[in-house]
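Chain and residue survey
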Amino acid sequence: MINEKTLVSFDFAIKYLLKHKSDYDIVENFISTLLATEGYKPVKITALLDGESNKEDVKFKKSIADLIVQDEQGTQYIIEIDRSYTHLFLHKACFNSCRLIVDNICSNQDYSLIKKIFHINLLYFPLSHLTSPLCHGKTIFHEIDLEHPQQRQLTDKGGRLFNVYNIFPEYFIISIPLFNDVIKQEIDEWLYLMKHSEVKQEFSSPLMKKVAERLNVLKMNQQERIHYQAYVNESLKERDYLVSAEEKGREEGREEGERKKSLEIAKKMLTKEADLGDIEELTGLSVEEISCLHSR
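The structure reproduced in this document is the subject of the present report. (Residues numbered from 1 in each chain as written. Predicted model: local features only at pLDDT ≥ 70, side-chain atom pairs only at ≥ 80, totals over all residues. Heavy atoms only, no water.)

A look at the overall build of the protein chain
Quick reminder of the rule: Going along the chain from the N terminus, every DSSP run of H or I of four or more residues is numbered as a helix, and every run of E of two or more is numbered as a strand. For the exposure calls, accessible area comes from a 1.4 Å probe over protein chains only, and a residue counts as buried if that area is under 20% of its type's maximum, exposed if over 50%, partly exposed in between. Whether two residues are in contact is decided by their heavy atoms: any pair within 4.5 Å suffices. Only the protein chains shown count as covering a residue, and every accessible area follows the Shrake-Rupley method with a 1.4 Å probe.
On a plain count of helices and strands, the protein chain comes out with eight helices and eight strands. Looking at the protein chain as a whole, 39% of its 296 residues qualify as buried. Pairs at least 24 residues apart make up 64% of the contacts formed inside the protein chain by residues separated by at least 6 positions. In the form shown here, the protein chain has an accessible surface area of approximately 17800 Å², with 52% of it arising from carbon and sulfur atoms.

Structural data, given as structure tokens:
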């Protein structure tokens, strides 16, 4: 290994590297390598958006980084990079993508100025229904024709064709734990880096040596190390908070489901004129709750 478990976490690396223009090439290479999996051309960073400008007070809705990139043909995109610890990541992705559009288009601007958004979500948990760590999604329109379903291009009043997925956001989901450590192409080197915080000697991506150099914790100054440790601690708090909230939501959902089931059983027993004491014992409902059902 070039570095043995001394590299900072990848999500922190993104924020850290974007503080120095001389390090933009690392982030550009990661984004370009990922976009290339769907046929897009390499991009360069042209501007950083304020990823902390979220109008909401809930800090956990913030993304890691929001930036504008441009390809060789001059086409510009907004790139949003985020991380998630729970299965609510799609809701968060939808919220953040909408926020980016609203925040970056003034009220007096033409809607056609909206830039396409690529939302990149780093998941720190496996998705049980997926076998690949990479997943991509986009909006597709088709005519509702059950006999001959097919994708359609839409036209404007001038008769110009356009693909709606060049307007609506696209989503890349990277489930880091699902990566099998097999290196076949350049994107796999980035996945390995995300999973292990390591760079192998044999990696062929031209920027991996620079990655190992710039993201080495041991080569950080004291202030940078303190900042990194604070980031790690805050990330752990965020993960624990979100996981706890999701588990609480599931538990409340189970309790509500059990209560509805008990109410249905009580209603059926009441129609058969069962004794209130028997209904109470069987369903766990109070006499008052059962009486309310009986009076309806």
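Some details on the pairing of strand 8 (residues 170-175)
Threshold: Only when DSSP finds a minimum of two bridges between them are two strands counted as paired.
Of all the six residues making up strand 8, five are buried; the element is thus mostly covered by neighbouring parts of the structure. Judged from the five bridges that link them, strand 5 (residues 134-138) and strand 8 form a sheet pairing that is antiparallel. Along strand 8, the bridge assignment pairs Lys 138 with Glu 170.

With respect to the packing of helix 1 (residues 10-17) against helix 2 (residues 24-36)
Quick note on the threshold: Geometry is summarised by axes, namely lines fitted to C-alpha atoms with helices restricted to the contacting stretch, and by angles between N-to-C directions that run from 0 to 180 degrees. Roughly parallel here means an angle under 35 degrees, roughly antiparallel means over 145, roughly perpendicular means 65 to 115, and every remaining angle is called oblique. Take the far helix as the reference: if the near one is turned anticlockwise from it by less than a right angle, the crossing is left-handed, and if turned clockwise, right-handed.
Put simply, helix 1 and helix 2 touch, their axes get as near as 9 Å, and they point 130° apart. Here helix 1 is positioned oblique relative to helix 2, judged by the angle of their axes. Seen along the crossing, helix 1 lies across helix 2 with a hand that is left-handed. On the side of helix 1, the interface is formed by Phe 10, Ile 14 and Leu 17, while helix 2 contributes Tyr 24, Ile 26, Val 27 and Phe 30.

Comments concerning the nonpolar core
Definition in use: Side-chain atoms within 4.5 Å link the members of a nonpolar core, which is a set of buried Ala, Val, Leu, Ile, Met, Phe, Trp, Tyr and Cys residues.
Membership of the largest hydrophobic core comes to 45 residues, with the highest contact counts inside it found for Phe 30 and Trp 190. With sequence-adjacent residues up to four places away left out, Trp 190 is seen in contact with Phe 10, Ile 26, Asn 29, Phe 30, Thr 33, Ser 205, Met 208 and Val 211.

Some words on the sheet that holds strand 4 (residues 116-123)
Strand pairing in a sheet relies on backbone hydrogen bonds. The paired strands run either parallel or antiparallel. Spatial strand order, 1-2-3-4-8-5: six strands in an open sheet with mixed pairing. At either end of the open sheet lies a strand with only one pairing partner, and these are strand 1 (43-49) and strand 5. In this sheet, neighbouring strand axes are inclined to one another by 25° on average, regardless of whether the strands run parallel or antiparallel. Here helix 2 sits on the sheet in contact with strand 1, strand 2 (65-71), strand 3 (76-84), strand 4, strand 5 and strand 8, set at roughly 115° to strand 1.

Overview of helix 1
Most of helix 1 is tucked away, with seven of its eight residues classed as buried. Of all the positions in helix 1, only Phe 10, Asp 11, Phe 12, Ala 13, Ile 14, Tyr 16 and Leu 17 are classed as buried.

Focus: a nonpolar patch on the surface
Let me state the cut-off plainly: Residues forming no salt bridge and having over 30% relative accessible area are the ones grouped into patches, like charges within 9 Å of each other and nonpolar side chains (Val, Leu, Ile, Met, Phe, Trp, Tyr) within 5 Å. Salt-bridge detection follows one rule: a side-chain nitrogen of Lys or Arg within 4 Å of a carboxyl oxygen of Asp or Glu.
A contiguous nonpolar patch, built from Phe 141, Ile 167 and Phe 168 and spanning about 260 Å² of accessible area, is present on the exposed surface. Inspection of the secondary structure puts Phe 141 in the loop between strand 5 and strand 6 (154-155).

Describing the side chain of His 119
Our working definition: A 3.5 Å cut-off defines polar contacts: any pair of N or O atoms within that distance qualifies, except that in protein one atom must be a possible hydrogen donor and the other a possible acceptor, and neighbouring residues in sequence count only when both atoms are side-chain atoms.
Note on placement: His 119 falls in strand 4. Side-chain polar atoms of His 119 contact the side chain of Glu 80, separated by 2.6 Å. In terms of polar contacts, His 119 uses its side chain to reach the side chain of Asn 121, at 3.3 Å. Discounting chain neighbours no more than four positions away, the residues touching His 119 are Glu 80, Asp 82, Ala 93, Asn 96, Ser 97, Glu 170, Tyr 171 and Phe 172.

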